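Spelled out from the first residue to the last, the chains are:
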Amino acid sequence: MDGPSATEREAGDAEQHVPGHAEAGVIATRGLTKRYRGGQLAVDGLDLTVPAGSVFGFLGPNGSGKTTTIRMLMGLIEPTAGTARVLGRPMPRAARAVLPEVGALIEGPALYGFLSGRDNLLRYDAADPTADPRTRSARVAAALDRVGLAAAAGKKARAYSLGMKQRLGLAAALLQPRRLLVLDEPTNGLDPQGMREIRALIRELAADGTTVFLSSHLLDEIEQVCTHAAVMAQGRLVTQGAVADLAAGARGRLVVTTPDPAEAARVLKEQGVADVTADGDRVTGEPPARDLAEVNAALVTAGVRVRGFALERASLEDAFVALTGEGFDVAS
Amino acid sequence: MSRAETDPLSEKGPGSEAAPAPRAAPGAEAAVASAVRRPSPLWTFGLLRSELVTTVRRWRTLALLGVLAVVPVLVGIAVKIETRGGGSADHGGQGPAFISQITNNGLFLVFTALAATLPFFLPMAVGVVAGDAIAGEAGAGTLRYLLVAPAGRTRLLLTKYATVTAFCLLATLVVAVSALIVGALLFPLGDLTTISGTRISFAEGLGRALLIALVVALSLVGVAALGLFVSTLTNSGIAAMATTVGLLTTVQILDQIPQLHALQPYFFSHYWLSFADLMRDPVYWDDLQKNLGLQALYAAVFGTAAWARFTAKDISA
Ligand SMILES: Nc1ncnc2c1ncn2[C@@H]1O[C@H](COP(=O)(O)OP(=O)(O)OP(=O)(O)O)[C@@H](O)[C@H]1O
Ligand SMILES: [Mg+2]
């Protein structure tokens, strides 16, 4: 994420239109809106564009409309207004043509408890009329292997742990080669090792050319695997673009480590550092426009014993706070 | 200091610093994906096969079939015990008078058992399976994965209806076969007398028994369609099953109320016991035809209603 080359490429890609493709993105929505029967406006005029080949993070606090959007994209619920195109074709109208090329995990896995893991996948595969029954068992075995469930394939799904169920749900999304994977909180319930494996899997799939659309409220997760991101709040799209651009939108913070925090804070304010806060031996603030070497020299001249002087990179979380003016997990 | 470096969950190796750059090559993913998939039209039946297998692997289905298999055993034993004292098991009153003939010919246990289970046990079993068909999947969340597979809503509904219809036949056959076995074990077999008093051979009697089983199974397709429609209305399998069985019982009761005489010919259960007419010589087809016509009407009306509902429904469970 720090590499300038990656930043440039991602930034360039955000606006890139693939030549020869009529579609503006693997997923493109215009004014997509959903009002539930109870009157709840869950998604409000969403204009989302997911570039081909991206790993797209779909961020938002609980209840911000992520799952509702995904359900509309997958043709499970009808939009109240607006349009959604997936792989260049309108949903839900073209569902039968589009969905065989899309693997999805929506709001957690759902399994037949009385069937084994393998039989669950055989059933989901049989539901796809474009899935070749001759290769079915081989594809099921490969999918189980890919998510690390080969050893537990014969066990009844009822007896699976939460993480195992999540893995089986992912395996169902990987039964066929897909052009698009839509994963709603894919690492939910996984142990650290499992999260790591799933992230590696996502990178691997992305490297094969699969576009991955990933919803999450874990900022770390988005920062680690995504090239692009969109942020939702209360049903509206707050921002979208390349992750590097989003993070760059928020400025980093100057961090001074010193045993003389009070004195350091005074000097920093003098030097034009805004929003100075001291916490133990850490004094932080928004860096001024002037050369930081001068700021450091001023600290030393004033007799402040400086142990550390650093510019901390802005995180996506900072970007989020800057964008919405609120903490991330504030309920809508 | 990068957040990624301090994150205990982050990957080792160079992958931790940068997310993968998107593929630069346009159309690369299109080439990967359109790696020729030319589906055969026959593959569409994979879902039906999966549905049939899944249905009979459910513990609930097996329990229902078990209960249905036990009914003829109980009837057979009861008749055997009652006639041991010398008196014949003659019950005047309702229902076809098949039961009195069981002691002479075990084949009559098949007709008796079907007559005994058709008013409640059989339609209840069908109501449970049909009510659960869509609502159970919705409640478990598996419906959304079937639909994004994509099963196709119309295809899934047709598959479900075909499966419930197959269950109607299976349930009826379980009763008939169990009755035939018990009848053969406890009573003599041989030529039999029809309701009209003519004698027919055992082989022909067996043929009629099979025909009767088929008609009984067809008598249930109306309930099956009704149950499937109810199943599209809710996300709770239990609620759909209870509603269907409740409707079934209500209709049976209403069918007994004389004041509703004008309505009764439209109740799906009204002509159910007409299957006994297959034991007349010659067969009396009038009520049999009315029964089958009524079942077809129910299947058409509630099948269409289920389709209209299911294809327009928001799947939010
Ligand atoms: N079936 C439904 N009927 C009515 N309202 C609903 C329904 N499903 C969701 N909502 C409402 O729509 C809003 C968005 O919900 P949604 O599930 O899309 O959020 P989310 O972003 O996926 O949240 P989370 O991070 O918790 O998964 C919420 O306010 C929720 O209460
Ligand atoms: Mg959600």
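Residues numbered from 1 in each chain as written. Chains lettered and ligands numbered in written order. Predicted model: local features only at pLDDT ≥ 70, side-chain atom pairs only at ≥ 80, totals over all residues. Heavy atoms only, no water.

A.B. asks: Whenever I open this one, the overall build of chain A confuses me. Can you help?
C.D. replies: Looking only at helices and strands, chain A features twelve helices and 15 strands. Across the 332 residues in chain A, those meeting the buried criterion constitute 56%. Summing over all exposed atoms, chain A offers an accessible surface of approximately 13,300 Å²; the carbon and sulfur share of this is 51%. (Helix = DSSP H or I, 4+ residues; strand = E, 2+ residues; numbered from the N terminus. Buried < 20%, exposed > 50% of the residue type's maximum accessible area, 1.4 Å probe, protein only. Areas by Shrake-Rupley, 256 points an atom, 1.4 Å probe, with all protein chains shown as cover.)

A.B. asks: Would you mind showing me how to read the packing of helix H8 (residues 153-186) of chain B against helix H10 (residues 221-233) of chain B here?
C.D. replies: To characterise two packed helices, one gives the angle between the axes of the helices and the distance between these axes. Residues and elements named next belong to chain B. Two numbers describe how H8 lies on H10: the axes approach to 10 Å, and their chain directions differ by 140°. Compared by their axis directions, H8 and H10 come out oblique. As for how H8 packs across H10, the hand of that crossing is right-handed. Contacts between H8 and H10 involve Leu 157, Lys 160, Tyr 161, Val 164, Thr 165 and Cys 168 from the first element and Val 221, Ala 224, Ala 225, Leu 228 and Thr 232 from the second. Its residues assigned to classes, the contact of H8 with H10 shows eight nonpolar, two polar and one charged. (Axes fitted to C-alpha atoms, helices over the stretch in contact; angles between N-to-C directions. Parallel < 35°, antiparallel > 145°, perpendicular 65-115°, else oblique. Left-handed = near helix turned anticlockwise from the far one by under 90°. Contact = heavy atoms within 4.5 Å. Nonpolar A, V, L, I, M, F, W, Y, C, P; charged D, E, K, R; others polar.)

A.B. asks: Looking at this structure, how should I read the domain arrangement of chain A?
C.D. replies: Interfaces are often sized by the accessible area lost when the parts come together. The domains assigned to chain A are domain 1 (20-248) and domain 2 (253-312). Of note, the centres of domain 1 of chain A and domain 2 of chain A, computed from C-alpha atoms alone, are 45 Å apart. (Domains from an automatic or database assignment.)

A.B. asks: Would you mind going over the sheet that holds strand E9 (residues 211-216) of chain A with me for this structure?
C.D. replies: Strand pairing in a sheet relies on backbone hydrogen bonds, with the paired strands running either antiparallel or parallel. All names here are of chain A. As summarised here, the arrangement of the six strands in space is E7-E8-E9-E4-E10-E11, forming an open sheet in which the pairing is mixed. Pairing within the sheet leaves two strands with one partner each, and these edge strands are strand E7 (102-105) and strand E11 (236-242). Looking at each pair of strands side by side, their axes are set apart by 10° on average, direction ignored. Bridge count between strand E4 (residues 55-59) and E9: five bridges; the pairing is parallel. Within the sheet, the bridge partner assigned to Gly 57 lies in E9 and is Leu 214. Sheet strands in contact with helix H2 (residues 66-73) are E4, strand E8 (180-184), E9 and strand E10 (228-233), and its direction is about 145° off that of E9. (Pairing = 2+ DSSP bridges.)

A.B. asks: Which parts of the structure should I look at to understand the site of ligand 1?
C.D. replies: Residues and elements named next belong to chain A. Neighbouring ligand 1 are 14 residues; Asn 62, Gly 63, Lys 66, Thr 67 and Thr 68 lie closest to it. Residue Glu 185 places a side-chain N or O atom 3.4 Å away from an oxygen atom belonging to ligand 1. Relative to its free-state accessible area of 640 Å², ligand 1 is covered by the protein chains to the extent of 68%. Here the element with the most residues in the shell around ligand 1 is H2; it accounts for three residues. Its residues assigned to classes, the shell around ligand 1 shows three nonpolar, nine polar and two charged. (Near = heavy atom within 4 Å. Polar contact = N/O pair within 3.5 Å; in protein donor to acceptor, adjacent residues only side chain to side chain.)

A.B. asks: Sorry if this is basic, but what is going on with a nonpolar patch on the surface here?
C.D. replies: All names here are of chain B. A cluster of nonpolar residues, Leu 169, Leu 173, Val 177, Ile 181, Leu 185, Leu 210, Leu 211, Leu 214, Leu 218, Trp 285 and Leu 292, forms a patch on the protein surface that exposes about 1,000 Å² of accessible area. Elements with a contribution of two residues or more to the nonpolar patch: H8 and helix H9 (202-219). In terms of residue count, the dominant contributor to the nonpolar patch is H8 (five residues). Trp 285 sits in the partly exposed class, given a relative accessible area of 45%. (Patch = residues over 30% accessible without salt bridge, like charges linked within 9 Å, V, L, I, M, F, W, Y side chains within 5 Å. Salt bridge = Lys/Arg side-chain N within 4 Å of Asp/Glu carboxyl O.)

A.B. asks: Explain the pattern of salt bridges to me, please; I cannot follow it from the model alone.
C.D. replies: Think of it this way: side chains of opposite charge can pair up when their charged atoms draw near. For the structure shown, the criterion picks out 21 salt bridges over all chains. Glu197(A) serves as the salt-bridge partner of Arg167(A), at 3.1 Å between the closest nitrogen and oxygen. You can see Arg167(A) sitting in helix H6 (residues 162-173) and its partner Glu197(A) sitting in helix H7 (residues 192-207), a full 30 residues away along the chain. The class of Arg167(A) is buried, set by a relative accessible area of 12%. Residues Arg305(A) and Asp260(A) are paired through a salt bridge, measuring 2.7 Å at the closest nitrogen-oxygen approach. Of the two residues, Arg305(A) is situated in the loop between helix H11 (292-301) and strand E15 (308-312) and Asp260(A) in the loop between strand E12 (253-257) and helix H10 (261-270); the sequence distance between them amounts to 45 residues. A single network of salt bridges, built from pairs that share partners, joins Arg123(A), Glu51(B), Glu137(B) and Lys160(B).

A.B. asks: Even after reading the chapter, I still don't get H11(A), so can you show me in this structure?
C.D. replies: Each turn of an α-helix holds 3.6 residues, which means side chains three or four residues apart point in the same direction. Residues and elements named next belong to chain A. Listing the buried residues of H11 in full gives Val 295, Ala 298 and Leu 299. Across the axial projection of H11, the buried residues extend over an arc of 100°, all falling on one side. Turned more than 90 degrees from where H11 packs its buried face, Val 300 and Thr 301 sit exposed. Among the residues trailing H11, Gly 303 stands out with phi positive, at a value near 85°. (Arc of directions from axis to C-beta.)

A.B. asks: Just checking my understanding: could you explain the environment of Leu248(B) for this structure?
C.D. replies: Residue and element names in this part refer to chain B. One can find Leu 248 in helix H11 (residues 237-254). The exposure class of Leu 248 is buried, given its relative accessible area of 2%. Along the primary structure Leu 248 and Ala 317 are separated by 69 residues, whereas in three dimensions their C-alpha atoms are 27 Å apart. Residues in contact with Leu 248, not counting those within four places in the same chain, are Phe 120, Pro 123, Met 124, Val 223, Phe 268 and Trp 272.

A.B. asks: What am I meant to see in the side chain of Ser215(A) here?
C.D. replies: Residue and element names in this part refer to chain A. Tracing the backbone shows Ser 215 in strand E9. Within polar-contact distance, the side chain of Ser 215 engages the side chain of Asp 184 at 2.5 Å. When sequence neighbours within four positions are dropped, the list of residues in contact with Ser 215 reads Phe 58, Lys 66, Ile 70, Leu 183, Asp 184, Glu 185 and Pro 186.

A.B. asks: So what exactly am I meant to see when it comes to the packing of aromatic side chains here?
C.D. replies: How two aromatic rings sit relative to each other is given by the distance of their centres and the angle of their planes. With the rule as written, the count across this model stands at eleven aromatic pairs over all chains. Aromatic side chains Tyr112(A) and Phe114(A) sit 6.3 Å apart centroid to centroid with 85° between the ring planes, which places their arrangement in the edge-to-face category. Looking at Tyr112(A), the relative accessible area reads 3%, which means it is buried. Three or more aromatic residues joined by ring pairs make a cluster, and in this case those are Phe229(B), Phe268(B), Trp272(B), Tyr298(B) and Phe302(B). (Phe/Tyr/Trp six-rings, centres within 6.5 Å; stacked < 30°, edge-to-face > 60°.)

A.B. asks: What am I meant to see in the nonpolar core here?
C.D. replies: As a rule of thumb, nonpolar side chains are buried together in soluble globular proteins. Ranked by internal contacts, the top residues of the largest apolar core, which has 96 residues, are Met74(A), Val102(A), Leu180(A) and Phe213(A). Not counting residues within four places of it along the chain, the set of residues in contact with Met74(A) comprises Met91(A), Leu99(A), Val102(A), Ala104(A), Ile106(A), Val182(A) and Val148(B). Of all hydrophobic cores here, the second largest spans 58 residues; its members include Ala171(B), Val175(B), Ile212(B) and Tyr271(B). (Core = buried A, V, L, I, M, F, W, Y, C linked by side-chain atoms within 4.5 Å.)

A.B. asks: Mind showing me how you'd approach the packing of helix H5 (residues 108-117) of chain B against H9(B) here?
C.D. replies: All names here are of chain B. Relative to each other, H5 and H9 sit at 10°, their axes nearing to 10 Å. Comparing their axes, H9 and H5 come out roughly parallel. Contact residues: Val 110, Phe 111 and Leu 114 in H5; Gly 205, Ala 209, Ile 212, Ala 213 and Val 216 in H9. In terms of residue class, the contact of H5 with H9 is built from seven nonpolar, one polar and no charged.

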